[in-house]
2 protein chains.
Amino acid sequence: MSNKHLNLGIFGFGCVGQGLHKVLQNTKGIRASIQKICIKHPHKDRPISQSYFTTNPEDILLNKDIDIVVELTDDAEAAYQIVTTALRQGKAVVTANKKLVAEHLEELYELQQTYNTPLLYEGACCASIPIIRNLEEYYDNDLLSSVEGIFNGSTNYILSQMRQEGKSFVQALSEAQEKGFAETDPTLDIGAYDPKYKLCITLLHAFGIFTKPEEIFNYGITQLNEQDISYAQQQGKTIKLLVHTKKEAAKITGLVLPTFVDAQHPLANVENEFNGILVESAFTDHQFFLGKGAGSTPTGSAVLSDISALTYNYSYEYKKLHQNTEAYYSQDQLLEVYVRYQTPLDIDLNDFQCILQRFESAEYNYLVGEINLKQLYKPAWRKNPNISIVLNKVLVNANQTTIQTQVLEEALAV
Amino acid sequence: MSNKHLNLGIFGFGCVGQGLHKVLQNTKGIRASIQKICIKHPHKDRPISQSYFTTNPEDILLNKDIDIVVELTDDAEAAYQIVTTALRQGKAVVTANKKLVAEHLEELYELQQTYNTPLLYEGACCASIPIIRNLEEYYDNDLLSSVEGIFNGSTNYILSQMRQEGKSFVQALSEAQEKGFAETDPTLDIGAYDPKYKLCITLLHAFGIFTKPEEIFNYGITQLNEQDISYAQQQGKTIKLLVHTKKEAAKITGLVLPTFVDAQHPLANVENEFNGILVESAFTDHQFFLGKGAGSTPTGSAVLSDISALTYNYSYEYKKLHQNTEAYYSQDQLLEVYVRYQTPLDIDLNDFQCILQRFESAEYNYLVGEINLKQLYKPAWRKNPNISIVLNKVLVNANQTTIQTQVLEEALAV
């Protein structure tokens, strides 16, 4: 579909869909226009002509004049049907539905190959930050060593408001929802499922591996309280819900955990609904990307950019998948964590490889210790509402030298 | 040259060239290897086999086995000959030479079209930050409204050291040179020519217009002194050498000037050799990119990424050039500036549209006023060593409403 005008069929007509319609009417840059919009409720008042609308998905999916299907519904099950059917019909698809993409990533990849039609989903990962495109296009060699960042705007907003304004968790959450930063089901955000979906997508484009969301450890912010926040402040740190992934030789690890971040760290100053991503590669040292990670217009921007890319025949090449044939995902990763607890009975010290610090007082107890990620999955104590876990750092595993890094250090020392 | 192994011919074998050689030997991700290296001095000791080397450019330029020419010399005139000859021979070219690219941009564009072969130059603009690729690929629709940033690592290092460590300009400059952050000729950095070259390149990929370096106003940091720095601190600001470019309807303006930046602004915390770029577009609000902007490895990273992109047949499409046929470059831009002077006779107040503040004392005089950019080009006083000019802000020109922005604001208000 090189350089020709493209016709779009849209599912869902919320804020993003409505913004898209106006923008496409008023710009010349993107050679695409909306042909048909499939909605659930035909009798709502709409700001544009009724002739656009249909309640029958087939009016889009089986319409030969429609080149691109843009999936903007908030129903994951319906979205799966729409996206897979559209790909099978040979239509290009744009979606920002991270849950859908993460849960069906391998199948969606296969469908693209089989039907030779692209699926783009930049909006599914950190909204306005073009991270997928950059991982695909710019870091497409095997020098990438880690990606970490704030991948969820809603929880970042809550943490900022708790720390800066002294608001309670509940108050901050309700504000985030009012402002449209939180997902319909807040568990996805505060339980750190949303950033985990984004991590699944990132792992494919950064390191070329397929993972299932259930293979990735996620620990949200619901158990954090003002004691944890004030402990962080005493240490000159701030707590951020971070996604961590790194590569050591062929081994890839990934997790989502509240993390203490130094005040000087680029991620420390990413506040409210902003997301930030730090990409480390041997040659570049680090790159940092900052942008709005929640809200309808940042997501709309990514959707628009994907539509624009389709007018130039863009598709993900999944280069890393073909390059990194030995890469594998592992949960064998040593972590240094802070654990706040109410009584020593709350916790089983045998789960730790070692205890580095222990503090007990009438009001407040914590320990700092080393624990393996695969061990952290198991104990029931981590779900105890009187416990909170915050990551100090991802440790370098013993006996695991990164051959690649050594080679590069030599290369750069010439 | 899809997916096949590519042979490189390299001009220059300094630190970047040597790093490239080692990395290419040790990675599998990039299907390319070095075939021949053209150097000036055949008798230097080299860390690799003599069989790689030649002093005859034709051994690369006329060698049918070589697919990609990588230009890594520090001689702009030789670089021009190498790059243009290689393109005429139908070879793909990678360069990081910003002066070469900026001064010959239109010709280099034409050569790519005529000989249907790509020239990539990500390393020529902010080293490791993938800004050209992002402007080409991600912001390829007409919603982009401004790009501003720190485009020169050497001057940013100097300004950081002056402010944070109280070092003198001369001391900080000499350190920057020792660390390899400054260009061979420091005038290019401290006179703000280097960021101006990068701005020329940015203007093409952001807004689709060709400009000549001499059309763009640049004012460096040589005349800044500790009084300016302490004035900035009193105002809660920091001085950064910034590139500014923005689009108002079809009119594009661009300039390079030391600028007062609020402490909360993302660019305020970009220190030392780092570069930072803030991209504003209607939908995304703002995106911020941070990365090392000087030094051989960040540049090497961009060169490597360009080589990798060529193995996938990547070329710049210069989409904006074709989209924005009405866009034009203008120097008609109202600025609010701070001007420090020694005596009132140093300066001609008639050049200003209005004077907003004026401070005079035994030690130190300054004014804050509005001046048109096209007026700022003219007076000799700006080159007076007793004068320094720092931008307060780029003003919105009267009677110039950005129709596009209005449309988008409406679109997003739905």
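Model, not experiment: these values are computed from the prediction. (Residues numbered from 1 in each chain as written. Chains lettered and ligands numbered in written order. Predicted model: local features only at pLDDT ≥ 70, side-chain atom pairs only at ≥ 80, totals over all residues. Heavy atoms only, no water.)

1. Quick look at the domain arrangement of chain A
Residue and element names in this part refer to chain A. One can read the domain layout of chain A as domain 1 (6-120) and domain 2 (131-298 + 325-394). Here domain 1 and domain 2 have C-alpha centroids that lie 32 Å from each other. Buried area between domain 1 and domain 2, both sides added, is near 1100 Å², and the carbon and sulfur share of it is 73%. The tally of links between domain 1 and domain 2 comes to one salt bridge. Residue Asp 194 pairs with Lys 98 through a salt bridge whose shortest N-O separation is 3.7 Å. The interface formed by domain 1 and domain 2 holds one residue pair in polar contact (both at pLDDT 80 or more) in total. (Domains from an automatic or database assignment. Buried area = accessible area lost by both parts, 1.4 Å probe. Salt bridge = Lys/Arg side-chain N within 4 Å of Asp/Glu carboxyl O. Polar contact = N/O pair within 3.5 Å; in protein donor to acceptor, adjacent residues only side chain to side chain.)

2. A look at the pattern of salt bridges
Residues and elements named next belong to chain A. All chains considered together, the criterion is met by 28 salt bridges over all chains. The partner of Lys 374 in a salt bridge is Asp 332, with the nearest N and O atoms 4.0 Å apart. Highlighted residues: Lys 374 in helix α14 (residues 373-376) and Asp 332 in the loop between β13 (328-329) and β14 (334-341), separated in sequence by 42 residues. By relative accessible area, which is 31% here, Asp 332 ends up partly exposed. (Helix = DSSP H or I, 4+ residues; strand = E, 2+ residues; numbered from the N terminus. Buried < 20%, exposed > 50% of the residue type's maximum accessible area, 1.4 Å probe, protein only.)

3. Quick look at unusual backbone geometry
With a phi close to 50°, Asn 116 of chain A is a non-glycine residue in the positive phi region. On the secondary structure map, Asn 116 of chain A appears in the loop between α5 (105-115) and β6 (119-120).

4. Some thoughts on the environment of Gly 291 of chain B
Looking at the secondary structure, you find Gly 291 of chain B in strand β12 (residues 285-292). As a C-alpha pair, Gly 291 of chain B and Val 69 of chain B span 222 residues in sequence and 26 Å in three-dimensional space. For Gly 291 of chain B, the contacting residues outside a window of four places in its chain are His 286 and Gln 287 of chain A together with Ser 128, Ile 129, Phe 274 and Asn 275 of chain B. (Contact = heavy atoms within 4.5 Å.)

5. Quick look at the sheet that holds strand β5 (residues 92-95) of chain A
By definition, the strands of a sheet pair up through backbone hydrogen bonds, in either a parallel or an antiparallel sense. Residues and elements named next belong to chain A. Read from one edge of the open sheet, six strands run β3-β2-β1-β4-β5-β6, paired in parallel fashion. Of all strands in the sheet, those bounded by a partner on one side alone are β3 (53-54) and β6. Summarising the sheet, strand β4 (residues 68-71) and β5 pair through four bridges and their orientation is parallel. Paired with Val 69 across the strands is Val 93, a residue of β5. (Pairing = 2+ DSSP bridges.)

6. Some points on the sheet that holds strand β1 (residues 6-11) of chain B
Residues and elements named next belong to chain B. One open sheet holds the six strands; their spatial order is β3-β2-β1-β4-β5-β6, and the pairing between them is parallel. In the strand order of this sheet, the two ends are held by β3 (53-54) and β6 (119-120), each with one partner. Relative to β3, strand β2 (residues 32-38) is paired through two bridges, and the arrangement is parallel. Bridging across to β3, Ile 37 finds its partner in Phe 53. Contacting β1, β4 (68-71), β5 (92-95) and β6, helix α3 (residues 76-88) runs over the sheet at an angle of about 170° to β4. Here helix α12 (residues 296-310) sits on the sheet in contact with β1, β2, β4, β5 and β6, set at roughly 165° to β5. (Axes fitted to C-alpha atoms, helices over the stretch in contact; angles between N-to-C directions.)

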